[in-house]
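Secondary and tertiary structure notes
The primary structure of each chain is shown beneath.
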Amino acid sequence: MAWRNKIVPVLFLLGLGVLMVYDASSASAARDFGDKFYFLKEQLKWVILGFMGMALISTINYKILYKLSPIIIIGSIISLILVFLPGIGVKAYGASRWINLGFTVIQPSEFAKLALIIYLSAWFSSKEKGRLLAFLLLVGIIVGLILLQPDMGTAIIMAGTAAVLYFLSEAPVWHFLGLVPVVAAGTAFLAIISPYRLKRLTSFLDSGTDPLGASYHIRQALIAIGSGGLFGLGLGNSRQKYSYLPEATTDSIFAIIGEELGFLGAVFVIAVFIFFIISGIKIAANCKDSFGRLLAAGIVSWLTIQILINLGAMAALIPLTGVPLPFISYGGSALVVELAGVGILLNIAKSSGA
């Protein structure tokens, strides 16, 4: 029964997410849709769907994923290509990141995160040697397709998660020493050739530049967090959610949490995330087989990297990169896939008696 207790922090974060999504969106939902509960109802729909998926996946032996991993990764790559096809892919705000299924729209890059983790875990658990070039080719194809969308944040998360899995597979240390300058140079190159990425980088280095343009978002996030003080302004009392802070329900929702719940509330939320991460690490450490151990470690690494990127960007510790805060931010595909990952963790924990 102990494995079931590991879901408690996720339930808390989901509940907080539903509350904060409604809080941050009610004014804009009433203005844009004539229904202040619009985003709340959408979020509840995805939470219920994701929770049902998590419950189902937690009952299916995770070892089945080992055999299905080639099909999963091929399907994921195909879906990443489909976003660029007219009539299938959906383009919005200059990005091609979605597929129209008729009854709903999904974001394949979110599913690709989990697909890559499953495939690499299966591959690396085979103890195959001399796989560096093949690993770089696979990750390069997937990350390249995501960069073309463009989605730098997701690309960084996937590259980072893949690197962690490669390291945990007992790869030679010199591989990483050789890759560090290559990755650093590649990231710098991508920032320089893309005007909007370059502006984000320069605004990070000097937040005083272009206060109404490139640095506007982060300045508004810092105003929100700073306004909260120690105890916050109180639930529902955010001022930044009224069209000042961009992406208040998605990428910037932690800033609203800081504004309304204050420093203490924000620290408590971070503590819940830490508790979840530690629980995930214990699940990986207690797993007896290498596939399950790598799979659990990959899922925890993915969510940890995404949490750190989101919180780091909101606190202006790293350049602003648009990624949602797991379990809390408004979203469909992201939330469903995150809960699917939790379902796998629960199954591994149950199988290991953790």
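Our subject is the structure that appears above.
Below you will find a few notes about this structure. (Residues numbered from 1 in each chain as written. Predicted model: local features only at pLDDT ≥ 70, side-chain atom pairs only at ≥ 80, totals over all residues. Heavy atoms only, no water.)

Mapped onto the elements, G236 comes out in the loop between α10 (216-228) and α11 (253-286). In this structure the C-alpha to C-alpha distance between G236 and L19, which are 217 residues apart in sequence, comes to 9.9 Å. Among all residues touching G236, those that are not within four sequence positions of it are D23, K241 and E260. (Helix = DSSP H or I, 4+ residues; strand = E, 2+ residues; numbered from the N terminus. Contact = heavy atoms within 4.5 Å.)

Okay, a nonpolar patch on the surface next. Taken together, L56, I60, I64, L68 and I71 make up a surface patch of nonpolar side chains, about 460 Å² in accessible area. For the nonpolar patch, the element with the most residues is helix α4 (residues 64-82), which contributes three residues. Looking at where I71 falls in the secondary structure, it is placed in helix α4. For I71, a relative accessible area of 61% corresponds to the exposed category. (Patch = residues over 30% accessible without salt bridge, like charges linked within 9 Å, V, L, I, M, F, W, Y side chains within 5 Å. Areas by Shrake-Rupley, 256 points an atom, 1.4 Å probe, with all protein chains shown as cover. Salt bridge = Lys/Arg side-chain N within 4 Å of Asp/Glu carboxyl O. Buried < 20%, exposed > 50% of the residue type's maximum accessible area, 1.4 Å probe, protein only.)

If charged atoms from side chains of opposite charge come close, those side chains can pair. Throughout the structure, instances matching the rule amount to six salt bridges. The salt bridge involving D32 is made with R31; its shortest N-O contact spans 2.9 Å. Accessibility expressed as a relative area gives 49% for D32, which makes it partly exposed. A salt bridge links E110 to K113; its shortest N-O distance comes to 3.0 Å. One end of the pair, E110, and the other, K113, are both in helix α5 (residues 108-124), three residues apart, so they sit about a helical turn from each other. Across this residue pair, the class does not change: E110 and K113 are buried. Ionic contacts of the salt-bridge type, sharing partners, join the residues D23, K241 and E260 into one network.

Let us look at the nonpolar core. L120, F135, I142, L295, I299, F327 and I328 are the most contacted members of the largest nonpolar core, which totals 96 residues. Those residues within four positions of L120 in sequence are excluded, and the remaining contacts are F135, L138, A162 and L165. (Core = buried A, V, L, I, M, F, W, Y, C linked by side-chain atoms within 4.5 Å.)

Looking now at the sheet that holds strand β3 (residues 105-106). Ordered in space as β1-β2-β3, the three strands form an open sheet in which the pairing is antiparallel. The outermost strands of the open sheet, each flanked by one partner alone, are β1 (89-92) and β3. Here strand β2 (residues 95-100) runs beside β3; their pairing, made up of two bridges, is antiparallel. Its bridge partner being in β3, N100 is matched across the sheet by V105. (Pairing = 2+ DSSP bridges.)

Under the defined criterion, the tally for this structure stands at 14 aromatic pairs. Both rings, one in W123 and one in F124, keep their centres 5.3 Å apart while their planes meet at 35 degrees; by these two values the pair is tilted. Neither W123 nor F124 differs from the other in exposure class; each is buried. Chaining the aromatic ring pairs together yields one cluster made of Y119, W123, F124, F135 and Y166. (Phe/Tyr/Trp six-rings, centres within 6.5 Å; stacked < 30°, edge-to-face > 60°.)

What follows concerns α5. For α5, built from 17 residues, the straight-helix expectation of 24 Å at 1.5 Å per residue is met to within 8% by its first-to-last C-alpha distance of 24 Å. Taking burial as the measure, the 17 residues of α5 include 15 buried ones, the bulk of the element. (Expected span 1.5 Å × (residues − 1).)

On to the packing of α11 against helix α13 (residues 333-352). At a minimum axis separation of 9 Å, α11 and α13 run at an interaxial angle of 45 degrees. Taken as axis vectors, α11 and α13 run oblique relative to one another. Considering only the axes of α11 and α13, their crossing is left-handed. Across the interface between the two elements, F276, I283 and N286 from α11 touch V342, L345, I348, A349 and S352 from α13. (Axes fitted to C-alpha atoms, helices over the stretch in contact; angles between N-to-C directions. Parallel < 35°, antiparallel > 145°, perpendicular 65-115°, else oblique. Left-handed = near helix turned anticlockwise from the far one by under 90°.)

Here we take up the side chain of S79. Take S79: it is sitting in helix α4. With sequence-adjacent residues up to four places away left out, S79 is seen in contact with I99 and P108.

So, about the environment of L16. The topology assignment puts L16 in helix α2 (residues 8-33). The spatial distance from the C-alpha of L16 to the C-alpha of F327 is 8.7 Å, given a sequence separation of 311 residues. Once residues within four sequence positions are removed from consideration, L16 is found in contact with I257, L261, V269 and I328.

All right, on to the packing of helix α7 (residues 152-168) against helix α12 (residues 290-314) then. Angle between the axes and distance between the axes are the two parameters that describe a pair of packed helices. Where α7 contacts α12, the two axes come as close as 9 Å, and the packing angle between them is 145 degrees. Both α7 and α12 take part in a crossing whose hand is right-handed. Contact residues: α7 offers I156, I157, G160, T161, V164, L165 and L168, while α12 offers L294, A297, G298, S301, W302, I305, Q306 and I309. Classifying every residue of the contact of α7 with α12 by side-chain character gives ten nonpolar, five polar and no charged. (Nonpolar A, V, L, I, M, F, W, Y, C, P; charged D, E, K, R; others polar.)

Here the focus is unusual backbone geometry. Across the junction of Q149 and P150, the peptide omega takes the value -10 degrees, indicating a cis bond. In this structure, P150 sits in the loop between α6 (132-147) and α7. The phi angle at F327 is positive, at roughly 70 degrees, despite the residue not being glycine.

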